[in-house]
Amino acid sequence: MTTDPDRVATARALLEYLGLTAADLIRADPPAVPTVAEYLPAVVAAASPGTRRTYSNSWRRMAAALGDRRIDAVRASDLEALTRQAAAGARPRRNSRNGRHAGEHLVAAARAFYNRAITDGYLTAMDSPAHRVRKPRRLPNTRRALTPDEVSDINAAARSGGNDIILDALLLRLHTETACRRGGALALRLIDLDTDHALIRLCEKGGTQRWQPITPMLANRLDDHARARGAVAPTDALLRYRNGQSATYRRYDLMWARIGRQLPWVAVQGITTHWLRHTTLTWVERHFGYGVARAYAGHTDRRGPATTTYIKADLQAVAAALAALTGQPHPLA
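Fair warning: this is a prediction, and the values are worked out from it, not measured in the lab. Throughout, residues of each chain are indexed from 1 in the direction in which the sequence is written. Where totals are concerned, whole chains, interfaces and linings use all residues; where local detail is concerned, this predicted model gives features only for residues with pLDDT of at least 70, and gives and counts side-chain atom pairs only at 80 or more. Water and hydrogen atoms play no part in the side-chain values, which are based on all heavy atoms of the structure.

K.L.:
Give a description of the overall build of the protein that names residues and reports values.
P.N.:
Every helix listed is a DSSP run of H or I at least four residues long, and every strand listed is a run of E at least two residues long, numbered separately from the N terminus. Helix and strand counts for the protein come out as 14 helices and 3 strands. Each residue's exposure class comes from its accessible area (1.4 Å probe, protein chains only) as a fraction of the maximum for that residue type: buried when under 20%, exposed when over 50%, partly exposed otherwise. Counting across all 333 residues of the protein, residues that qualify as buried make up 39%. A fraction of 61% describes how many contacts in the protein between residues 6 or more apart in sequence connect residues 24 or more apart. Note on areas: Shrake-Rupley with a 1.4 Å probe; residue coverage comes only from the protein chains shown. Carbon together with sulfur atoms contributes 53% to the accessible area of the protein, which is approximately 19,100 Å² in total. Contacts were defined at the residue level, with two residues in contact if any of their heavy atoms lie within 4.5 Å.

K.L.:
Any chance you could break down unusual backbone geometry for me, citing the residues and the numbers?
P.N.:
Phi angles above zero are rare outside glycine, and A179 is one such case at about 60°. When you line up the elements, A179 lands in the loop between α7 (165-178) and α8 (182-186). Phi at A198 is positive, roughly 55°, even though this residue is not glycine. A residue is classified by how much of its surface remains accessible, and A198, at 0% relative accessible area, is buried.

K.L.:
Kindly report on a nonpolar patch on the surface, identifying the contributing residues and their values.
P.N.:
In this scheme, patches are assembled from residues that exceed 30% relative accessible area and form no salt bridge. Like charges are connected within 9 Å, while nonpolar side chains (Val, Leu, Ile, Met, Phe, Trp, Tyr) are connected within 5 Å. A pairing counts as a salt bridge when a side-chain nitrogen of Lys or Arg comes within 4 Å of a carboxyl oxygen of Asp or Glu. The grouping of L14, Y17, L18 and L20 at the surface amounts to a nonpolar patch, some 450 Å² of accessible area in total. With respect to the helices and strands, the residue L20 is situated in the loop between α1 (5-18) and α2 (36-46).

K.L.:
A description of the side chain of T280 should follow, citing residues and the corresponding values.
P.N.:
Within the secondary structure, T280 sits in helix α12 (residues 273-288). Given a relative accessible area of 3%, T280 falls into the buried group. Excluding its chain neighbours within four sequence positions, the residues that come into contact with T280 are H175, T176, E177, A179, Y296 and L325.

K.L.:
So what's going on with the sheet that holds strand β3 (residues 209-213)? Residues and values would help.
P.N.:
Note on sheets: strands pair through backbone hydrogen bonds, and any given pair is parallel or antiparallel. Overall, antiparallel pairing links the 3 strands, which are arranged β1-β2-β3 in an open sheet. Only two strands of the sheet have a single partner each, and these edge strands are β1 (193-194) and β3. For strand β2 (residues 199-203) and β3, the ladder comprises 5 bridges, and the chain directions are antiparallel. Residue C203 lies in a different strand from β3, and its bridge partner there is Q209. We treat two strands as partners when DSSP finds at least two bridges between them.

K.L.:
Could you give an account of the packing of aromatic side chains, with specific residues and numbers?
P.N.:
Each Phe, Tyr or Trp ring, with Trp reduced to its six-membered ring, pairs with another whose centre is within 6.5 Å; inter-plane angles below 30 degrees give stacked pairs, above 60 give edge-to-face pairs, and intermediate values give tilted ones. By the definition in use, this model includes 5 aromatic pairs. Three or more aromatic residues joined by ring pairs make a cluster, and in this case those are Y39, F113, Y114 and Y122.

K.L.:
So what's going on with the pairing of β2? Which residues, and what values?
P.N.:
Of all 5 residues that make up β2, 4 are buried, and the element is covered over most of its length. Relative to β2, β1 runs antiparallel, the two sharing 2 bridges. Each bridged residue has a counterpart across the sheet, and for L193 the counterpart in β2 is I200. Hairpin connection, β1 to β2: the antiparallel pair is bridged by 4 residues, and A198 has positive phi, about 55°.

K.L.:
Could you give me a rundown of the side chain of T83, with the residues and numbers involved?
P.N.:
Along the polypeptide, T83 turns up in helix α4 (residues 76-88). For T83, the residues in contact, after removing those within four places along its chain, are G103, L106, V107 and P136.

K.L.:
I'd love a proper account of the packing of helix α3 (residues 49-66) against α4, names of residues and values included.
P.N.:
Whenever a helix is involved, its axis is fitted only over the stretch in contact; in every case the axis is a line through C-alpha atoms, and angles between N-to-C directions fall within 0 to 180 degrees. Where α3 meets α4, the closest approach of the two axes is 11 Å, and the angle between their N-to-C directions is 125°. One finds that α3 runs oblique with respect to α4. Helix-helix and strand crossings are classified by hand; for α3 and α4 the assignment is right-handed. On α4, the residues touching R61, M62, A65 and L66 of α3 are D78, L79, L82, Q85 and A86. Residues of the contact of α3 with α4, tallied by class, amount to 6 nonpolar, 1 polar and 2 charged. For this classification, under 35 degrees means roughly parallel, over 145 means roughly antiparallel, 65 to 115 means roughly perpendicular, and everything else is oblique. The crossing is said to be left-handed when, going from far helix to near helix, the turn is anticlockwise and less than a right angle, and right-handed when the turn is clockwise. Each residue receives one of three labels: charged for Asp, Glu, Lys and Arg, nonpolar for Ala, Val, Leu, Ile, Met, Phe, Trp, Tyr, Cys and Pro, and polar for the others, Gly being one of them.

K.L.:
Explain the packing of α12 against helix α13 (residues 290-297) to me, using residue names and the numbers behind them.
P.N.:
Running from N to C, α12 and α13 point in directions that differ by 150°, and their axes come no closer than 7 Å. The pairing of α12 with α13 is recorded here as roughly antiparallel in orientation. Between α12 and α13 lies a crossing of right-handed hand. Between α12 and α13, the residues in contact are R277, T280, L281, V284, E285 and F288 and Y290, V292, A293, Y296 and A297, respectively.

K.L.:
Kindly report on the nonpolar core, identifying the contributing residues and their values.
P.N.:
Ranked by internal contacts, the top residues of the largest apolar core, which has 37 residues, are I154, L174, L222, W256 and I259. Mapped onto this core, the elements with two or more residues apiece are α6 (148-159), α7, α8, β2, α9 (216-228), α10 (249-262) and α12. Per element, the largest residue contribution to this core is 5 residues, and it comes from α7. The next biggest cluster of nonpolar side chains, apart from the first, holds 26 residues, and it includes Y39, W59, L106 and F113. As used in this record, nonpolar core signifies buried Ala, Val, Leu, Ile, Met, Phe, Trp, Tyr and Cys residues forming a set joined through side-chain atoms within 4.5 Å.

K.L.:
I'd like a rundown of the environment of N220, residues and numbers included.
P.N.:
Position of N220 relative to the elements: it lies in helix α9. Distance in space between the C-alpha atoms of N220 and D196 is 9.5 Å, their sequence separation being 24 residues.

K.L.:
An account of α6 is requested, with residue identities and associated values reported.
P.N.:
Helices are assigned an expected span. That span is 1.5 Å times one less than the residue count. Along its 12 residues, α6 runs 17 Å from first to last C-alpha, staying within 8% of the 16 Å computed at 1.5 Å per residue. Here α6 has its buried residues at E150, V151, I154, N155, A157 and A158. One side of α6 holds all its buried residues, which, seen down the axis, span an arc of 160°. Exposed side of α6, more than 90 degrees from the buried face: P148 and D149 are the residues found there. At its buried positions, α6 is contacted by α7, α10, α11 (264-269) and α12. Working definition: the arc comes from the directions between the helix axis and the C-beta atoms, pointing outward to the latter.

Next comes the structure, spelled out in structure tokens:
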């Protein structure tokens, strides 16, 4: 069959117009599809520390059950079965919801796994089995704001025993004043403390950073605590054990377990550090409005009505709310 010169010229002109060459039209061989076990190290390496901590158990479960399967051969029903197993085998905890969280985490972990596979070109979004599995419906949260008497009882219980009363008291005070998350507290370094202006720099989930007012008393206590326990370099951790090691999430578990033994209602209701965040933010919202509470919480999401774009509060407004909450003056208020 003779090639039409006019068609060839038209094709060349079109390729030139599109900025392509004939070689660009030759489809490269698709990459060899790995198995779940082979691909998991790449997923783990590309994940953030927080993502690894959240999904590591679910990823290990996927590798144990489906490790020898190619990632494009896994079916949605396989992941649904793993979700049921995760929910059924979830370890009972104080804030357990009959395994719903375990099932939800497995679906989320599988979606994170396959999002990486889609990005790497092993399959398309339509081929992902994880995105065809429905997450378990999240039940309404039972968390509530604690009463002043309950907060007082919790602080008294924390100071009445344990192997590190100073650290426990600092943790409770820090979370009550700032409504920060555990990760933000544990990430604090000596350089993140400004004792002159009574501020701490919080680095929390999503890579967000903000300066948060604290009372001058707490600022001085944190500085004394860190230096007495070996913090010297600017990047040294602020919250530390008596042996000088950085505090970890394990400290929270031990502290609340001990408080729960002294105050049975704490154990029964499954009260955790996040209840303190809920308590403080509820108080701020009731007395200073949504905008100040949003800034106090460090929320940066843009979901919701467009009007929320204009509801903002500055650092001075947050400092004023803190001063009212604690009854102590703040240099920025």
